[in-house]
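Structural features, examined
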Amino acid sequence: MNKEEITELTSGEISSLWMTYQSETLQKCGIRFFLQHVDDKQIQEILEEMLRLTIKRIDRVKDIFMKEDYPVPEGFTDDDVNLKAPRLFSDILYLEYCLEKLKMELTHFSYPMLDAVKVDVQEFYFEVMQDIQKLEMRAKELAKAKGIYNRAPKIPTPKQVEYVTKESFLAGWLGGKRPLLGIEISQLVFHSKRNALGQAVITAFSQVAKSKEVRRFFERGREISGKHLDIFSTILNDEYLPNSANVLTSEVTDSTEAPFSDKLMMTFITNLIASSIGGYGVSMSISPRRDLGVHYTRLIAEIAQYSDDGAEILIKNGWMEQPPMAADRKELAK
């Protein structure tokens, strides 16, 4: 038996695989419902490929856990989706969702791929990244062809290499405020698009949620995402730059019949919030202008509190499956 065959899963590998199983079983429910109501054949092909890859990942993670004699999580099942519910989203929103979800996955799956030690886990995440890259390119080209992919604003080409000579480069308040950097513009556009999509999805969820508490939570989120979208749009507009984000709430139907369980919808939104917190943190770290750092810090605090409130709802209703965790040595000592 060689060294690789006796290597156990690390805590990082277990956690990554566990989270992958949760997110993929959730996505499987969503894509299966989308496919019940899609008219555009090209968008249908993107959704079918996403579903195929999702099922492949679920089966692969399940195989790894069973091989390692580790309990397979419950995740999300047929009980969390109602395939007979009326259409809730338009085809355009399906494609927008695919684009944003694939971008998120390119970031999220890169960490477990780099952190993995076991060869089979490394190979799994490497294959996942390759699949996502290919599908993301297909979805992006389709969005371009349909005229719904908005590029980030253009910036002028410098005539020569220049160096920063003034401390006002870091300022962001009245007086010495400099124009936005290209990287700052791209981040603001990215967050505008993400909040436009989030606002549409959470608007739909607020229409169909069964629990009054969950419905109020989604209504609050709808207002937060709308406010964040306005903030990013205003910063760009002040620089005479378009935000490149389409308002997508019009792509939500008037259906009030839930296609998903409250558990699934709550989990999806709390995962989206967690992604936004990480995204804002990255943007803050690469945006030298101080006023942008203040904005990101304030917005992180707001959605962190919102996320905490969402976690309390999940726990109270018994909807949060416990993630892998270390042994409680103090309790064991008793």
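Summary of the structure given here. (Residues numbered from 1 in each chain as written. Predicted model: local features only at pLDDT ≥ 70, side-chain atom pairs only at ≥ 80, totals over all residues. Heavy atoms only, no water.)

Comments concerning the side chain of D91
Along the chain, D91 turns up in helix 3 (residues 91-108). Taking relative accessible area as the criterion, D91 reaches 13% and is therefore assigned buried. Setting aside residues up to four positions removed in sequence, D91 forms contacts with H37, V38, D39, D40 and I43. (Helix = DSSP H or I, 4+ residues; strand = E, 2+ residues; numbered from the N terminus. Buried < 20%, exposed > 50% of the residue type's maximum accessible area, 1.4 Å probe, protein only. Contact = heavy atoms within 4.5 Å.)

A few points about the packing of aromatic side chains
Summed over the entire model, instances satisfying the criterion amount to 16 aromatic pairs. Considering the side-chain rings of Y97 and F268, the 6.3 Å spacing of their centres and the 40 degrees angle between planes classify their relative orientation as tilted. With Y97 in helix 3 and F268 in helix 8 (residues 262-285), the pair connects residues that are 171 residues apart, well separated along the chain. You'll find Y97 and F268 in the same group, each marked buried. (Phe/Tyr/Trp six-rings, centres within 6.5 Å; stacked < 30°, edge-to-face > 60°.)

Some points on helix 9 (residues 290-316)
In a regular helix each residue adds 1.5 Å, so 27 residues correspond to 39 Å; helix 9 covers 39 Å between its end C-alpha atoms and thus fits that length. Downstream of helix 9 by one or two residues, G318 has phi in the positive range, about 70 degrees. (Expected span 1.5 Å × (residues − 1).)

Structural notes on a nonpolar patch on the surface
A cluster of nonpolar residues, I183, V282 and I286, forms a patch on the protein surface that exposes about 220 Å² of accessible area. By the secondary structure assignment, V282 is in helix 8. On the basis of relative accessible area, V282 is assigned to the partly exposed category, the value being 45%. (Patch = residues over 30% accessible without salt bridge, like charges linked within 9 Å, V, L, I, M, F, W, Y side chains within 5 Å. Areas by Shrake-Rupley, 256 points an atom, 1.4 Å probe, with all protein chains shown as cover. Salt bridge = Lys/Arg side-chain N within 4 Å of Asp/Glu carboxyl O.)

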